[in-house]
Amino acid sequence: MTARRLDGTAWAARLRAELEPRVERFTDLHGRPPGLAVVLAGSNPASEIYVRNKIATVAQHGCRGELFRLPGTASVDEALALVERLNQDDDFDGILVQSPLPEGMGEDAEQRVFDAVDPAKDVDGFHPVNVGRLVQKRPALVACTPLGCAELLDREGIPLRGKHAVVIGRSDIVGKPMALLLLHRDATVTICHSRTVDLPAVCRTADVLVAAIGRPGFVTADFVKPGATVIDVGINRLADEAEVQRLFPEGSAKRRQFAEKGSVLIGDVHPDVEAVAGALTPVPGGVGPLTIAMVLRNTVTAAELRARAPI
Ligand code: GUN
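Residue numbers restart at each chain and count upward from 1, following the sequence in its written direction. This being a predicted model, a pLDDT of at least 70 is required before a residue's local features are given, and a value of 80 or more before pairs of side-chain atoms are given or counted; all residues contribute to the totals for chains, interfaces and linings. Think of the side-chain values as coming from all heavy atoms in the structure, minus any hydrogens and water.

## Thoughts on the overall build of the protein chain
Secondary structure elements follow DSSP: runs of H or I no shorter than four residues count as helices, runs of E no shorter than two count as strands, and numbering proceeds from the N terminus. Per the secondary structure count, the protein chain includes eleven helices and eleven strands. What you see for the protein chain is a C-alpha radius of gyration of 20 Å, in line with the 19 Å of a compact globule of 311 residues. The C-alpha extent of the protein chain, read off along each of the three principal axes, is 55 × 45 × 35 Å. What makes two residues a contact is simply this: any of their non-hydrogen atoms within 4.5 Å. Counting only contacts in the protein chain whose residues sit at least 6 apart along the sequence, the fraction spanning at least 24 positions is 71%. The Shrake-Rupley method, run with a 1.4 Å probe sphere, supplies the accessible areas, and residue values consider only the shown protein chains as cover. By element, 51% of the accessible surface of the protein chain is carried by carbon and sulfur atoms, the whole surface being about 14,200 Å². His residues and chain termini do not enter the charge count, which takes Lys and Arg as positive and Asp and Glu as negative. To locate a charge, the coordinates of NZ of Lys, CZ of Arg, CG of Asp or CD of Glu are taken. With 36 positive and 40 negative side-chain charges, the protein chain shows a separation of 5 Å between the mean positions of the two kinds. Restricting the calculation to C-alpha atoms gives the radius of gyration, and the globule rule supplies 2.2 Å times the number of residues raised to the power 0.38.

This is the structure in C-alpha cells:
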C-alpha cells in the first residue's frame, strides 16, 4: 500500500481564499484591514522564515502584517513592554510572539510574555483564557498548528467519532490542544510522551496518529497500523549526510535534493511509513502551510470578535 498524500498546500490555498470575503467585509465596515503584529526576538534562522511567511501571507490576503523586532539581548521586561504597547494599539487585532524566545530572557520568559498578550488578540491561542475556553469546548482562538491539523482531517472526511487517536508529544503549542480538538470530535484520545511504556505498541492501536515530537524520522513503520492516517507535525532540517543516507534510499528525491542544496527537510515520520499508512501528510507541504493559513484565520477571527465584544 502507498499512503494517500494529504495535500496541505492545496487545502491551505483554499482555506485562505475562503477568508477573503471576511477580510473585505471587515475592511469595508471598519475602514481598516485586520492587523497582525508579529514579535521576533533575536534571529533564530527557522523563526526568521516562519515569521516572514506569516507576515507575507496575511499581507497577500488584504490584512496588515507588521514585524516588531527585539535584539537577541533584549530583556523579558522589554518584551513585556512591547506586548503591552501592542495590546493598546487598536490597529492590531492579533499579536503573535514567535517562540522560542532567546535563552537569555530566562526560563519563564515565554510563559510571562504569552500571558501578557491580551486574550482577545492572542492569535496563537496560548493565553490561559483561550486554553481554558478550548478545554471547555467553547473555543475562540485556538493554537494554529493543531487547528490546521483538525481542519485537514475534517476537510478530508477522515472519520474521528469513536476512533482511537494517538498524539505523540504533550507540548502546550501542539500536543495538548491537538488532543482536545480530537476529543471534541468524539475520538478516544491517548497522549504519548517520552515516558510512555512501549510507545510503538500504543501507536499501533491508532486509527489516527499525530506525531509532534521534533525528532527526525522517529515514527517508523512499526508504529503504524496498516491503513491508519498519519499527521506529521515535525519540520526538521537535516544537514548531516550520514543521517540523510540512513533515512532515505539511494536514488530518492530527498537524496537528490540533499546533493543540490546540502540539506533536506524531514518530518517526525520515517519515509518507510508511506508503505503502511492509509493517508499521510508530506513534509514539506503538509501541516506547515495549514498552520500559516490558521494564523490568517485567527487574525480575521480576532478582528471580528474584537469589533463585537471583548473575549
Ligand atoms: N514556534 C513554533 N511554532 C509556533 C507557533 O505556532 N506560534 C509561535 N508564536 N511560535 C512558534
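## Notes on the nonpolar core
As used in this record, nonpolar core signifies buried Ala, Val, Leu, Ile, Met, Phe, Trp, Tyr and Cys residues forming a set joined through side-chain atoms within 4.5 Å. Per-residue accessibility, obtained with a 1.4 Å probe over protein chains only, is compared with the maximum for each type, and a residue is labelled buried under 20%, exposed over 50%, and partly exposed between these values. Core analysis: the largest hydrophobic core is formed by 49 residues, its most contacted members being Leu182, Val210, Ile231 and Val233. Counting only elements with at least two residues in this core, the list comes to α1 (8-30), β2 (35-41), α2 (45-60), α6 (144-155), β5 (164-168), α7 (175-183), β7 (208-211) and α11 (287-308). One finds Ala37, Ala41, Val83 and Phe92 within the second-largest nonpolar core, a separate group that totals 23 residues.

## Describing the site of the ligand
Surrounding the ligand, one finds Lys54, Leu96, Val97, Gln98, Ser99, Asp124 and Phe126. Measuring from a nitrogen atom of the ligand, one finds a backbone N or O atom of Ser99 at 2.9 Å. Under the rule applied, a polar contact is a pair of N or O atoms within 3.5 Å (in protein, one hydrogen donor and one hydrogen acceptor; residues adjacent in sequence only if both atoms are side-chain atoms). At a separation of 2.6 Å, a nitrogen atom of the ligand approaches a polar side-chain atom of Asp124. Expressed as a share of its isolated accessible area of 280 Å², the protein-covered part of the ligand is 82%. Note on definitions: the grid is 1 Å and covers protein atoms alone; a cavity is a set of points where a 1.4 Å probe fits but cannot get out; a pocket is an open set with protein on both sides within 12 Å along at least five of seven lines; lining residues have an atom within 4 Å of a point. More than half of a molecule's atoms lying within 2 Å of a cavity's or pocket's grid points is what places that molecule inside it. A majority-of-atoms criterion places the ligand in the largest pocket. Grouping the constituent residues of the shell around the ligand by class yields three nonpolar, two polar and two charged. Near is defined per residue: the residue qualifies when any heavy atom it owns lies within 4 Å of the molecule or strand. Ten residue types, Ala, Val, Leu, Ile, Met, Phe, Trp, Tyr, Cys and Pro, are classed as nonpolar, four, Asp, Glu, Lys and Arg, as charged, and the remainder, Gly among them, as polar.

## Concerning the sheet that holds strand β1 (residues 4-5)
Two strands pair under a simple rule: DSSP has to find at least two bridges between them. Overall, parallel pairing links the six strands, which are arranged β1-β11-β8-β7-β5-β6 in an open sheet. Lying at the two open borders of the sheet, with one neighbouring strand each, are β1 and β6 (188-192). Inspection of the sheet shows β7 paired to strand β8 (residues 229-232) by four bridges, in the parallel sense. Within the sheet, the bridge partner assigned to Leu209 lies in β8 and is Val230.

## Considerations on the pairing of β8
Burial of the side chains of β8 extends over both faces: Thr229 and Ile231 are buried on one face and Val230 and Asp232 on the other. Note that β8 and strand β11 (residues 279-280) share two bridges and pair parallel. Bridge pairing links Val230 to Leu280 in β11.

## Digging into the pattern of salt bridges
Any Lys or Arg side-chain nitrogen located within 4 Å of an Asp or Glu carboxyl oxygen qualifies as a salt bridge. For the structure on display, the rule yields 18 salt bridges. Asp91 serves as the salt-bridge partner of Arg32, at 3.8 Å between the closest nitrogen and oxygen. Pair noted here: Arg32 is in the loop between α1 and β2 and Asp91 is in the loop between α3 (76-88) and β4 (94-97), with a separation of 59 residues, a long-range link. Relative accessible area serves as the criterion here: at 37%, Asp91 is assigned to the partly exposed category. Among the salt bridges present, the one from Asp93 reaches Arg32, with a minimum N-O distance of 2.9 Å. With a gap of 61 residues between them, Asp93 in the loop between α3 and β4 and Arg32 in the loop between α1 and β2 connect regions that are remote in the sequence.

## Comments concerning the sheet that holds β4
One key point about sheets: their strands pair by backbone hydrogen bonds, in either a parallel or an antiparallel sense. Pairing within the open sheet is parallel, and its three strands lie in the order β3-β2-β4. Sheet topology places β3 (64-70) and β4 at the edges, where each strand pairs with a single neighbour. For this sheet, the mean inter-axis angle between neighbouring strands, taken without regard to orientation, is 20°. With four bridges connecting them, β2 and β4 associate as parallel partners. Across the sheet, the residue bridging to Val38 is Leu96, located in β4. Between N-to-C directions, angles span 0 to 180 degrees; the directions come from axes that are lines fitted to C-alpha atoms, helices contributing only their stretch in contact. Sitting on the sheet, α2 is in contact with β2, β3 and β4, with an inclination near 155° to β3.

Geometric descriptors of this kind do not, in isolation, establish any biological role.
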